[in-house]
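Residue strings, one per chain:
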Protein chains: 2
Amino acid sequence: MSYPEAWLRGASLGEGITCQLRLQIINGTLKPGETLSENRIAADFGTSRSPVREAMKTLSNEGLIRLERMGAVVVGLGPKEVEELYDVRYLIESFVQQRMAGSDTGPLKISLQRIIDKMELAAKHGDPVEFAFQDLSFHETIIAEAKHSRIWQLWRSIRQIVMTVMLITTEEVFAEGERRIQGVVEKHRRLLQALQSGDPDEVQRSVRHYFDDSYVTLQHSISRS
Amino acid sequence: MSYPEAWLRGASLGEGITCQLRLQIINGTLKPGETLSENRIAADFGTSRSPVREAMKTLSNEGLIRLERMGAVVVGLGPKEVEELYDVRYLIESFVQQRMAGSDTGPLKISLQRIIDKMELAAKHGDPVEFAFQDLSFHETIIAEAKHSRIWQLWRSIRQIVMTVMLITTEEVFAEGERRIQGVVEKHRRLLQALQSGDPDEVQRSVRHYFDDSYVTLQHSISRS
DNA sequence: CTCTGTCTACTTGTATACAACTTTGTTCCT
DNA sequence: AGGAACAAAGTTGTATACAAGTAGACAGAG
């Protein structure tokens, strides 16, 4: 499994290396505890140390590796870490919904509906990459609506990891058949419906439910692998 | 006002430049909208572009500057952004306290008491830098206790900014006299007392109160400047 | 056998060089 | 005068070179 090249269009070498290493760490090709050397990686990718160095710093900021005095050691993203990642996602979206309560969400709801349409289209075309991207966009659109610089920054700091995790889990979901895919679409539709109800408590409940459900999906996915 | 050199002991050039630029951005020496060039800054600091480049990337991750195609533009940290920063701090500490409810907080409480003692000592010695550092340590100790990798990562991503803001505000507090200083110590003592009560609701209330109080202090500090 | 000093290979941090691209100001043509 | 081509300066991204420091092996002294 490799990183979608379309997502690297116009990216620098450093960003490309970052993405590929991130994927390798998350899907377990690079195992926790392994140590990485700038020189070795640069040789592997056939580049100089500069872009590798950039990648290492980025991955360190994302918490996927730990920079030590000699060699960076892979931290990895096990089941526990993924759960914790979803903790933070819930924290963010819950906060955002709370903050948006009462404001005009008309344009937002239209955007979200459009994204759900695109998800269904991607499902019909059997395109998991596009599907995962729209899934990400759905949540990102909600978070952006809060117009809260720090929350947005927070999202950006986990965005790439979330994207990569989604990419992997979505491929699994697609492999399990139409029914599971529609289930994911339905989850988002319910979230949008709660938003349209306009009742803050209902929204909070549905966000809580969304992530509770994601937890069990994760457990399912984890126990399979 | 300059960055405490003791905090840069053993740091690389890149980290040093990062800290100095961060301080200049936060205290307004570098104003929002200004554009920074790697070459110019490297010349200013008398170094090569490498450490400057590292600094730019770090500050960009912290959201203090925005990397564009040519030249990085200063985003800055106005009153609104500081408020938003405290939103996130509340989000973190509230979550941590919630998660720790019920677990054994014996050793934690001892650590916190020690830190408060050090704060009082720093107050007595009229040492705002040490005081700010202990203030930071207090909250960091609580957050570390949750043993939640993502929350910890999240804290690390704002830690330096929080530290710098604390450094600045603490100097202001010290300038306003003994009474204000003791007020800050008292705030922390109340937080610890709530923790010792063992009642989760009481803890949540006191955390909420702590940050509500911080908001008004910020408003006060902001309206003065 | 254990401890210590040294030596080697490898690591990171920093400096410098270069290529590709963007912006801007100028000049020339209409 | 207005606009387009062009030139020049500045910018980033990447490669390479070098210095300083660290881990680990290894040999020799106690």
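For clarity, every value in this text was computed on a predicted model and none was experimentally measured.

Take the protein's contact with DNA strand D next. Near DNA strand D, the surroundings consist of 17 residues, among which A:L13, A:S48, A:S50, B:R49 and B:R53 are the closest. At the protein interface, 65% of the atoms of DNA strand D within 4 Å belong to sugar or phosphate. A distance of 2.3 Å separates a phosphate oxygen of DNA strand D from a polar atom in the backbone of A:L13. Measuring from a base nitrogen of DNA strand D, one finds a side-chain N or O atom of A:S50 at 2.9 Å. No other element matches the three residues that helix α3 (residues 49–61) of chain A contributes to the surface near DNA strand D.

Turning our eyes to something else, we now look at the packing of aromatic side chains. Scanning the model with the defined rule gives twelve aromatic pairs over all chains in all. Taking 6.4 Å as the distance between ring centres and 75 degrees as the angle between the ring planes, the aromatic pair formed by A:Y86 and A:F211 counts as edge-to-face. Of this pair, A:Y86 sits in helix α4 (residues 79–100) while A:F211 sits in helix α9 (residues 200–224), and the two are 125 residues apart along the sequence. Relative accessible area serves as the criterion here: at 0%, A:F211 is assigned to the buried category. Centroid distance B:Y210 to B:F211: 5.2 Å. Interplanar angle 75 degrees. Geometry classified as edge-to-face.

Moving on to the packing of helix α1 (residues 13–26) of chain A against α3(A). Residues and elements named next belong to chain A. The geometry of α1 relative to α3 is characterised by a closest axis approach of 8 Å and an angle of 50 degrees between their N-to-C directions. The orientation of α1 with respect to α3, classified from their angle, is oblique. Crossing handedness for the pair α1 and α3: right-handed. The segment α1 lies against α3, with L13, G14, E15, I17, T18, L21, R22 and I25 engaging P51, V52, E54, A55, T58 and L59. Split by residue class, the contact of α1 with α3 holds eight nonpolar, three polar and three charged.

Right, let's get into the sheet that holds strand β1 (residues 35–36) of chain A. Residues and elements named next belong to chain A. Strand order in the open sheet made by the three strands is β1-β3-β2, with antiparallel pairing throughout. Because the sheet does not close on itself, it has two edges, and the strands there are β1 and β2 (65–67). Against the sheet, α3 contacts β1, β2 and β3 (72–74), and its axis sits at roughly 115 degrees relative to β2.

Moving on, we come to the domain arrangement of chain A. All names here are of chain A. Per the domain assignment, the segments of chain A are domain 1 (5–74) and domain 2 (79–224). Computed from C-alpha coordinates alone, the two centres of domain 1 and domain 2 are separated by 27 Å. Contact residues are listed per partner, giving seven residues for domain 1 and ten residues for domain 2. Taken together, the two surfaces of domain 1 and domain 2 that pack against each other cover about 790 Å², and 83% of this comes from carbon and sulfur. Of all residues in domain 1, W7, I26 and E62 bury the most surface against domain 2, accounting for 67% of the area lost on that side. In this structure, the connection of domain 1 to domain 2 is made through zero salt bridges. Our count for the contact surface shared by domain 1 and domain 2 stands at one residue pair in polar contact (both at pLDDT 80 or more). Considering only residue class, the side of domain 1 that touches domain 2 consists of four nonpolar, one polar and two charged.

The next thing to look at is the sheet that holds strand β1 (residues 35–36) of chain B. Residues and elements named next belong to chain B. Spatial strand order, β1-β3-β2: three strands in an open sheet with antiparallel pairing. Taken across any chain shown, the strands that pair with only one partner, and hence form the sheet edges, are β1 and β2 (65–67). By the bridge criterion, three bridges tie β2 to strand β3 (residues 72–74) in an arrangement that is antiparallel. Looking at β3, one finds that R66 is bridged to V73. In the packing of helix α3 (residues 49–61) onto the sheet, contacts are made with β1, β2 and β3, and the angle to β2 comes to roughly 115 degrees.

About the cut-offs
Residues numbered from 1 in each chain as written. Chains lettered and ligands numbered in written order. Predicted model: local features only at pLDDT ≥ 70, side-chain atom pairs only at ≥ 80, totals over all residues. Heavy atoms only, no water. Near = heavy atom within 4 Å. Polar contact = N/O pair within 3.5 Å; in protein donor to acceptor, adjacent residues only side chain to side chain. Helix = DSSP H or I, 4+ residues; strand = E, 2+ residues; numbered from the N terminus. Phe/Tyr/Trp six-rings, centres within 6.5 Å; stacked < 30°, edge-to-face > 60°. Buried < 20%, exposed > 50% of the residue type's maximum accessible area, 1.4 Å probe, protein only. Axes fitted to C-alpha atoms, helices over the stretch in contact; angles between N-to-C directions. Parallel < 35°, antiparallel > 145°, perpendicular 65-115°, else oblique. Left-handed = near helix turned anticlockwise from the far one by under 90°. Contact = heavy atoms within 4.5 Å. Nonpolar A, V, L, I, M, F, W, Y, C, P; charged D, E, K, R; others polar. Pairing = 2+ DSSP bridges. Domains from an automatic or database assignment. Buried area = accessible area lost by both parts, 1.4 Å probe. Salt bridge = Lys/Arg side-chain N within 4 Å of Asp/Glu carboxyl O.

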